[in-house]
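One-letter residues, chain by chain:
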Amino acid sequence: MPWGEFKDTAAERRLFQRRTLVMLAFVLVLIGGLLARMYQLQIVEHEVYTTLSDKNRVQVQSVPPPRGLVYDRNRTLLAENRPVFSITLVPERVDGMAETLTQLDRILDVSEEDLERFQRRLQEPRRPFQEIPLRYDLDEQEMARLAVHRHELPGVEVKAELVRYYPHSELTAHALGFVGRINRDELQRIDPVNYAGTNYIGKSGIERFYEDILHGQVGYQHVETNARGRTLRVLERENPVPGEDLQLHLDLRLQKRAHELLDGRRGAIVAIEPATGGILALASVPGFDANKFVTGISVTDYRSLSESRDKPLFNRALRGQYPPGSTMKPMLAIAALDSGATTKDYTIWDPGYFRLNESGRRYRDWKRGGHGWVDLMDAMAESCDVYFYEIAVKMGVDTMYDYLSRFGFGEDAALDVSGALSGLLPSRDWKRAMRDEQWYPGDSVNMGIGQGFMLATPLQLATATSLIANRGSWAEPRLLKDIDGDTSVSGFLPDGNHEPLKLKDPSDWEYVVDTMAEVMHGRKGTARGAGAGAPYRMAGKTGTAQVFSLAEDEEYDAEEVRERLRDHALFVGFAPVENPEIAVAVIVENGGGGSSTAAPVARELFDAWLLEFQQSDDETLVGRVDSGGEN
């Protein structure tokens, strides 16, 4: 039978139709599922995926606040912000870090120090998508070369930022301090929200103490970016709150004069306004360029500073601890008068030495043949050591410690001076704890002329001198004068906690001031040369501090002693006597005699403040008044 007779065409057609319907139903089900999914994505979950999409397209960026400015008392700018262009990398967006750095090195000639600093910061804890700087201070040619290759460098940006700049850097470095890059330890203690986008923080001085005021409040902006992460436009912005500006008591003119007077010599000068406690000058010489530390100092430059014999990084005014020598005598005179160890009329015979007993050691006077009969006025004017040896033994260490501590020795009495040391005010307990020895009468003898264990900073000496100028009224030293903003000075500056130094006989203040005036203007005053011809009366006291000890009968010969082993020259004083406007402490390391070296420096400062600057200020004020009248 032929094969075609067995073929059922109708059955095959029905089979084909059934298969077609099944496939059509399957396709319709798939299309229905697709439409349902599209409905879910486009309608039901529209908000969710719009947000996820925006996260790829829109980013929230922190906007760092401009740092507050710092002015001196005459509104001269001491610390400002200047725009700097730097190249930064966002590691999360960089395609191949090693290749990118190699290409940037060819374009910009990146130094080894920059690369090492970048790698170090790359390993430190940081916020996600935080920019890490590679190079600072790009010039126009470097930015142009980078722009040509910008499309080849995803995650690499040229960023403009405001960076701290000190226009009078070497003059103000020790007083203001400086800002620097936030390090790992600082990153752990700062507010991560408020410091988002901020790379700098106060490291020392005023910049560190008033960090909260100077920093301000961070802002935010929503920006649209492309697939490479580059910003296309700003969609929304909340401006940051700038840091508040500070005005200091510091006078840049006096600060500059202090540096000029110490130029070529190591030393420190602190000048205080007695009525307010405002620090008019805080000079430590030699200084350094604080601007080098802002964006990161090079290894070569830092090694040059840190290894210098003159120690320019060391703040002598705040951290230099020196034997105060005879500059302690005015404070000890107050203590002796008030404690009854001496009187205004008490006299002694000075043969040129002092002995605790007939067979004891001779404690020499600076004047080999002695001063003969002297009272307290003569002893101060001529700086008679023997007189102060005797009254020191009469007072004993406990009485001297009690009075000197009330002058601010042995503590950091300043309100806002960061980093100041406390010096050393020795006592019985201190010697027992530190040396496991008792206090001997000979220790009191040395303490009577500011030698032995006693150490003081120039700031402490200026503070104690200011207390004498105020006749016992305390005005703790401070740099801050005013805040240009909502924060009040009284609300931020710490309160002073020193009680006035009240004497049994308040006239003793005037008597000791008169003895200090005799130092400057008396016929036998040790600093009469520095006080000669002044149109005002000043009070002062010279001092000389030994750098190394002499044997009992050994004579000091400055010509035979190496320069760095010579005596330190010191001076403390204030002017005018009747209504003090300035109190100073001067130390010239290895300068020799206080009367020949330090006192003339103080006289120059007095003249500048009382005569030169005030006359200039008066003329400026008259000019402003005349100009206002014409208008």
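Residues numbered from 1 in each chain as written. Predicted model: local features only at pLDDT ≥ 70, side-chain atom pairs only at ≥ 80, totals over all residues. Heavy atoms only, no water.

Topic: the overall build of the chain
The helix and strand tally for the chain stands at 23 helices and 20 strands. Going through the 631 residues of the chain one by one, you find that 50% of them count as buried. A separation threshold of at least 6 residues defines the contact pool for the chain, and within that pool the share at least 24 residues apart is 74%. (Helix = DSSP H or I, 4+ residues; strand = E, 2+ residues; numbered from the N terminus. Buried < 20%, exposed > 50% of the residue type's maximum accessible area, 1.4 Å probe, protein only. Contact = heavy atoms within 4.5 Å.)

Here we look at unusual backbone geometry
Of note, the amide linkage connecting Val285 to Pro286 takes the cis form, showing an omega dihedral of 5 degrees. Structurally, Pro286 can be placed in the loop between β12 (278–285) and α11 (291–294). Cis geometry marks the peptide bond from Ala575 to Pro576; its omega dihedral reads -15 degrees. Note that Pro576 resides in the loop between β19 (568–575) and β20 (582–588). Despite not being glycine, Lys311 shows a phi value in the positive range, around 50 degrees. Tracing the sequence through the fold places Lys311 in the loop between α12 (299–306) and α13 (316–319). The residue Asp436 is not glycine, and still its phi comes out positive at about 55 degrees.

So, the pairing of β19
In regular strands, side chains alternate between the two faces of the sheet. For β19, the tally of buried residues reaches eight of eight residues, placing the bulk of the element in the interior. Neither face of β19 is left uncovered, since the one carrying His568, Leu570, Val572 and Phe574 and the one carrying Ala569, Phe571, Gly573 and Ala575 both have all their residues buried. Note that strand β18 (residues 539–545) and β19 share seven bridges and pair antiparallel. Bridge pairing links Gly543 to Leu570 in β19. Note that β19 and β20 share seven bridges and pair antiparallel. Bridge assignment links Gly573 to a residue of β20, and that residue is Val584. (Pairing = 2+ DSSP bridges.)

Some details on the pattern of salt bridges
Applying the stated criterion to the full structure yields 28 salt bridges. Of the charged contacts in the structure, one is a salt bridge between Arg257 and Glu612, with a shortest N-O distance of 2.9 Å. Here Glu612 lies in helix α23 (residues 594–630) and Arg257 lies in helix α10 (residues 252–262), a separation of 355 residues in the sequence. For Glu510, the salt bridge is made with Arg471, and the minimal N-O distance between the two is 3.0 Å. Of the two residues, Glu510 is situated in helix α21 (residues 507–521) and Arg471 in the loop between α19 (458–469) and β17 (480–484); the sequence distance between them amounts to 39 residues. Classification of Glu510 as partly exposed rests on a relative accessible area of 37%. Counted as one network, the salt bridges with shared partners bring together Arg67, Arg164, Glu207 and Glu211. (Salt bridge = Lys/Arg side-chain N within 4 Å of Asp/Glu carboxyl O.)

A few points about the packing of helix α14 (residues 329–339) against helix α16 (residues 385–406)
Helix packing for two helices is described by the angle between their axes and how far apart those axes are. It is the contact of α14 with α16, at a shortest axis distance of 9 Å, that shows an interaxial angle of 80 degrees. In this view, α14 runs roughly perpendicular relative to α16, as classed from their interaxial angle. Contacts from Lys329, Met331, Leu332, Ala333, Ala335, Ala336, Asp338 and Ser339 of α14 reach α16 at Asp385, Phe388, Ile391, Met395, Thr399, Met400, Tyr403 and Leu404. (Axes fitted to C-alpha atoms, helices over the stretch in contact; angles between N-to-C directions. Parallel < 35°, antiparallel > 145°, perpendicular 65-115°, else oblique.)

A word on a negative patch on the surface
A contiguous patch of negative charge, built from Asp105, Asp109, Glu112 and Glu116, is present on the exposed surface. Within the fold, Asp105 resides in helix α3 (residues 97–108). Accessibility expressed as a relative area gives 31% for Asp105, which makes it partly exposed. (Patch = residues over 30% accessible without salt bridge, like charges linked within 9 Å, V, L, I, M, F, W, Y side chains within 5 Å. Areas by Shrake-Rupley, 256 points an atom, 1.4 Å probe, with all protein chains shown as cover. Lys, Arg positive; Asp, Glu negative; His and termini not counted. Charge placed at Lys NZ, Arg CZ, Asp CG, Glu CD.)

Some points on the nonpolar core
A general trend in soluble globular proteins is that nonpolar side chains are found buried together. Within the largest apolar cluster, 143 residues are counted, with the highest numbers of intra-cluster contacts made by Leu254, Phe388, Phe407 and Phe409. Looking at this core element by element, the count peaks at eleven residues for α16. Those residues within four positions of Phe409 in sequence are excluded, and the remaining contacts are Met328, Met331, Leu404, Leu425, Met454, Ala456, Gln460, Leu461 and Ala464. (Core = buried A, V, L, I, M, F, W, Y, C linked by side-chain atoms within 4.5 Å.)

Let's talk about the side chain of His568
For His568, the position within the fold is in strand β19. Residue His568 is classed as buried on the basis of its relative accessible area of 10%. Here the side chain of His568 touches Asn590 through a polar contact of 2.9 Å, landing on its backbone nitrogen. (Polar contact = N/O pair within 3.5 Å; in protein donor to acceptor, adjacent residues only side chain to side chain.)

Considerations on a positive patch on the surface
A contiguous patch of positive charge on the surface is contributed by Arg13, Arg14, Arg18 and Arg19. Here Arg19 falls in the exposed class, since its relative accessible area comes to 54%.

Considerations on α16
End to end, α16 covers just 23 Å across 22 residues, shorter than the expected 32 Å (1.5 Å per residue, more than 12% under). The largest bend along α16 reaches roughly 95 degrees and is located at Gly396. Note on α16: the residue one or two positions beyond its end, Gly408, has a positive phi of about 100 degrees. (Expected span 1.5 Å × (residues − 1). Bend = angle between axes of the 7 residues up to and from the residue.)

Focus on the packing of aromatic side chains
Going through the model one piece at a time under the given rule, you end up with 14 aromatic pairs. Considering the side-chain rings of Phe293 and Tyr302, the 6.4 Å spacing of their centres and the 80 degrees angle between planes classify their relative orientation as edge-to-face. We classify Phe293 as buried; its relative accessible area is 13%. Between Tyr387 and Phe388, the ring centres sit 5.8 Å apart and the planes meet at 65 degrees, which makes this aromatic pair edge-to-face. Side by side, Tyr387 and Phe388 carry an identical accessibility label, which is buried. Against the face of Tyr71 rests Arg75, its NZ or CZ located 4.2 Å from the ring centre. A cation sits over an aromatic face here: Arg253 above Phe613, 4.6 Å from the ring centre. (Phe/Tyr/Trp six-rings, centres within 6.5 Å; stacked < 30°, edge-to-face > 60°. Lys NZ or Arg CZ within 6 Å of the ring centre and 35° of its normal.)

Topic: the confidence of the model for the chain
The pLDDT averaged across the chain works out to 88; a share of 90% of its residues lies at or above 70. When the criterion is pLDDT under 50, residues 548–556 qualifies, and its contacts beyond four places in sequence or with other chains add up to 15 contacts. (pLDDT = per-residue confidence, 0-100.)

Here's the deal with a nonpolar patch on the surface
Taken together, the side chains of Leu21, Met23, Leu24, Phe26, Val27, Leu28, Leu30, Ile31, Leu34, Leu35 and Met38 define a hydrophobic patch exposed on the protein surface, amounting to about 1100 Å² of accessible area. Within the secondary structure layout, Met38 lies in helix α1 (residues 9–44).

A closer look at the sheet that holds β19
The five strands are arranged β12-β11-β20-β19-β18 in an open sheet whose pairing can be described as antiparallel. A single partner strand is all that each edge strand has here, and the edge strands are β12 and β18. Sheet twist, expressed as the average angle between the axes of neighbouring strands with direction ignored, equals 5 degrees. Its contacts with the sheet place α10 against β11 (267–273), β12 and β20, and it is angled at close to 30 degrees to β12.

A closer look at the side chain of Asp365
With respect to the helices, strands and loops of the structure, Asp365 is situated in the loop between β15 (363–364) and β16 (372–374). An unpaired buried charge is present at Asp365: no salt bridge exists, and Lys329, the closest side chain of opposite charge, is 6.6 Å distant. A distance of 3.2 Å separates the side chain of Asp365 from the backbone nitrogen of Val386, its partner in a polar contact.

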